[in-house]
Amino acid sequence: MTNTAEVTAATKSAAPERGAWTAGQIVVVLVIGTAALMVSLTQSLLVPVLSKIAVDLNAGGDGIAWVLTSTLLVGAVAVPAFGRLGDLFGTRRMVLVTLAALIAGSLICALATNLTTMIIGRAVVGLSVAAVPLSISLIGVTLPKAHAPAGIALISAMLGVGGALGLPLAGLVAEYADYHVLFWICVAGGVLAVPGIVLLVREPARVAKGRMDLVGTALLGAAMLALLLPLAQGDSWGWTDPLTIGLLIAAVVLLVLFVAVELRLRSPLVDVRATARPSLLLTNVASLCVGFALFATLIGTASYVQAPAATGYGFGKSVLAGGLCMLPGGIAMLLLSPLSAKLRPRTALVIGSLIIAAGFATRIVLTGSLWQVVLGATIAGAGTGIAYAAMPGLIIHAAPRSELAAANGLNALFRSVGSSLASAIGGAILASQTVMLAGHALPSLAGYRTLFAICAGAAVLAALLALFIPRHASAADAALPEE
């Protein structure tokens, strides 16, 4: 008769080691991660080739700016809306819808022969921005509890990785190929990701109840448009222009009205009371600060090294070389994001934010050699990877399972607002502190140092805010699958 203990031991040895990744889980992370990467690439992919697009489409500076602004504005509305739709109708289903928007919008841009069509295509691409927070939520409830933090960290880091990889990729295309190749890359990436998600990723059980809050969606969308449009166009309109000031005032009024309406609804777009709790509110404000710092890294590195040496700081490098200077930072984000999963989310956010601050401090002090610039940008990138990866962990511990996708969407919206603020404030600083070179005003070293100092301060503020995030877990943990 076989000993019971021996049978038990044999069974345990034959079963996969508890905590070990299965091939299926790895494939799921790779498929969803690819989708998130392709979407995040769209945020920075066109920056180095805007001048080529302007010449090809015979567009002026104000018109070509809408190629980027249209994506930003549509994305600001799509992120919270699709987050709530994911909770109500299925996160996986909404990921597929947003990827379809990526494919369709990129295809329109690839075939565009005039500025209007290009802007329409980029607006459609803006809908796909919601895919990243949706993917974070999908990973969080698809993987077992032991692996969810690592998967979430990797997907979240894609927000930074895509931005850092987009610049060198666009620089490479700008130097050796037609810019339309960039859009075809996005089409191909989306087409590859969709069947993988359809075949390999299951739809999590839905626990949210209620209906879509159309009034709240309209109010929040209008508020975000009123806020982000002047931030994007303020340099060309003028910061004291009545239209700029009027839109900013309208944004405040609409946000107040939005909160008042949401408090009265049974099925709101955003649970204002839950969002106002310290665990979520402090995380979102810290996310805004980190989003500010990340975008400033993008605008303060490639253009910095491309500036002529006569400015006193630049190196006169090509668009490709400027983009390549961002590549080590992108790799650091990717490699270090799993570190965040091994730490408590709050601790990871503190550490990541302080590393970001150290990176910008390095940028202020070390300016003499190209390797010093790359070093500072890489340190900031490493910190961004850790900090970005920590945020969904904080969200998943604080938000109810029935509102997880909406909460991640709101967090992504805060990061987007931070990036928009960085663009506006950074642009204003670099435009006001200049040096004259051959009759042209270029940003001065003092201007860049001022921007880097503000970014370091924003990162330190994020670390301080993280220290006050309460240490607790919610029922969201219990909703994660065990195996």
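Structure's up top.
Residues numbered from 1 in each chain as written. Predicted model: local features only at pLDDT ≥ 70, side-chain atom pairs only at ≥ 80, totals over all residues. Heavy atoms only, no water.

## Topic: the overall build of the protein chain
Then, number 1: Across its full length, the protein chain carries 21 helices and 2 strands.
Then, number 2: Compactness check: the protein chain gives a C-alpha radius of gyration of 22 Å against a globular reference of 23 Å for 483 residues, within 12% of the reference.
Then, number 3: Taken over the C-alpha atoms alone, the protein chain extends approximately 95 × 50 × 45 Å along its principal axes.
Then, number 4: Here the analysis covers contacts within the protein chain between residues at least 6 apart in sequence; of these, 80% occur between residues at least 24 apart.
Then, number 5: By element, 69% of the accessible surface of the protein chain is carried by carbon and sulfur atoms, the whole surface being about 19,600 Å².
Then, number 6: Within the protein chain, one finds 25 positive and 17 negative side-chain charges whose respective centroids are separated by 7 Å. (Helix = DSSP H or I, 4+ residues; strand = E, 2+ residues; numbered from the N terminus. Rg over C-alpha atoms; globule rule 2.2 N^0.38 Å. Contact = heavy atoms within 4.5 Å. Areas by Shrake-Rupley, 256 points an atom, 1.4 Å probe, with all protein chains shown as cover. Lys, Arg positive; Asp, Glu negative; His and termini not counted. Charge placed at Lys NZ, Arg CZ, Asp CG, Glu CD.)

## Observations concerning the pairing of strand E1 (residues 434–437)
Then, number 1: Relative to strand E2 (residues 440–443), E1 runs antiparallel, the two being bridged by 4 bridges. The residue bridging Leu437 from the neighbouring strand is His440, located in E2.
Then, number 2: Between E1 and E2, which pair antiparallel and follow one another directly, the connecting turn spans 2 residues, one of which, Ala438, has a positive phi of 55°. (Pairing = 2+ DSSP bridges.)

## A look at the environment of Ala36
Then, number 1: Within the secondary structure layout, Ala36 lies in helix H2 (residues 23–41).
Then, number 2: Distance in space between the C-alpha atoms of Ala36 and Met158 is 6.3 Å, their sequence separation being 122 residues.
Then, number 3: Apart from residues lying up to four places away in sequence, Ala36 is in contact with Val132, Ile155 and Met158.

## Examining a nonpolar patch on the surface
Then, number 1: Taken together, the side chains of Leu354, Val460, Leu461, Leu464, Leu467 and Phe468 make up a nonpolar region of the molecular surface, amounting to roughly 560 Å² of accessible area.
Then, number 2: Ranked by the residues each element gives to the nonpolar patch, the list is headed by helix H20 (residues 445–467), at 4 residues.
Then, number 3: With respect to the helices and strands, Leu461 occurs in helix H20. (Patch = residues over 30% accessible without salt bridge, like charges linked within 9 Å, V, L, I, M, F, W, Y side chains within 5 Å. Salt bridge = Lys/Arg side-chain N within 4 Å of Asp/Glu carboxyl O.)

## A look at the environment of Gln25
Then, number 1: Of note, Gln25 is situated in helix H2.
Then, number 2: Expressed as a C-alpha distance, the spacing of Gln25 and Val201, which sit 176 residues apart in the sequence, is 9.4 Å.
Then, number 3: Not counting residues within four places of it along the chain, the set of residues in contact with Gln25 comprises Ala20, Leu143, Pro144 and His147.

## Re helix H10 (residues 214–237)
Then, number 1: Leu231 marks the point of greatest bend in H10, at about 40°.
Then, number 2: If you check the start of H10, you find a side-chain oxygen 3.4 Å away from the backbone N of Val215, and it comes from Asp213.
Then, number 3: Just downstream of H10, Gly238 is the residue with a positive phi angle, here 100°. (Bend = angle between axes of the 7 residues up to and from the residue. Polar contact = N/O pair within 3.5 Å; in protein donor to acceptor, adjacent residues only side chain to side chain.)

## Thoughts on the packing of helix H17 (residues 345–365) against H20
Then, number 1: Running from N to C, H17 and H20 point in directions that differ by 165°, and their axes come no closer than 8 Å. With respect to each other, H17 and H20 are oriented roughly antiparallel. In the packing of H17 onto H20, the handedness of the crossing is left-handed. Taken together, the residues of H20 that come into contact with H17 (itself represented by Arg346, Leu349, Val350, Ser353, Leu354, Ile356, Ala357, Phe360, Arg363, Ile364 and Val365) are Arg449, Phe452, Ala453, Cys455, Ala456, Ala459, Val460, Ala462, Ala463, Ala466 and Leu467.
Then, number 2: Taken together, the residues of the contact of H17 with H20 sort by class into 18 nonpolar, 1 polar and 3 charged. (Axes fitted to C-alpha atoms, helices over the stretch in contact; angles between N-to-C directions. Parallel < 35°, antiparallel > 145°, perpendicular 65-115°, else oblique. Left-handed = near helix turned anticlockwise from the far one by under 90°. Nonpolar A, V, L, I, M, F, W, Y, C, P; charged D, E, K, R; others polar.)

## Some remarks on the nonpolar core
Then, number 1: Ranked by size, the top nonpolar core spans 126 residues in total, and within it Met118 and Leu349 carry the most contacts.
Then, number 2: Among the elements that take part in this core, H20 stands out by supplying 12 residues, more than any other.
Then, number 3: If we ignore the near neighbours within four places in the chain, the residues touching Met118 are Ile53, Leu57, Val67, Cys109, Ala112, Tyr179 and Phe183. (Core = buried A, V, L, I, M, F, W, Y, C linked by side-chain atoms within 4.5 Å. Buried < 20%, exposed > 50% of the residue type's maximum accessible area, 1.4 Å probe, protein only.)

## Some thoughts on the packing of H10 against helix H11 (residues 242–262)
Then, number 1: Close contact between H10 and H11 brings their axes to 8 Å; oriented N to C, the two are set at 160°. When the interaxial angle is binned, H10 and H11 end up roughly antiparallel. Every pair of crossing elements has a handedness; the one defined by H10 and H11 is left-handed. Contact with H10, carried on its side by Val215, Gly216, Leu219, Leu220, Ala222, Ala223, Met224, Ala226, Leu227, Leu229, Pro230 and Trp237, involves Leu243, Thr244, Leu247, Leu248, Ala250, Ala251, Leu254, Leu255, Leu257, Phe258, Val261 and Glu262 of H11 and no other residues of that element.
Then, number 2: Here the residues of the contact of H10 with H11 sort into 21 nonpolar, 2 polar and 1 charged.

## Section: the packing of aromatic side chains
Then, number 1: Applying the stated criterion to the full structure yields 7 aromatic pairs.
Then, number 2: Summarising the aromatic geometry, the rings of Tyr313 and Tyr448 are spaced 5.3 Å apart at their centres and angled 65° between planes, so their arrangement reads as edge-to-face. Taken together, the positions of Tyr313 in the loop between helix H14 (302–306) and helix H15 (319–324) and Tyr448 in helix H20 put the pair 135 residues apart, joining distant regions of the chain. Tyr448 carries the same exposure label as Tyr313, and that label is buried.
Then, number 3: Three or more aromatic residues joined by ring pairs form one cluster here, namely Tyr304, Tyr313, Phe360, Tyr448 and Phe452.
Then, number 4: For the cation-ring pair, Arg415 lies above Tyr388, with the distance from its terminal atom to the ring centre recorded as 4.6 Å. (Phe/Tyr/Trp six-rings, centres within 6.5 Å; stacked < 30°, edge-to-face > 60°. Lys NZ or Arg CZ within 6 Å of the ring centre and 35° of its normal.)

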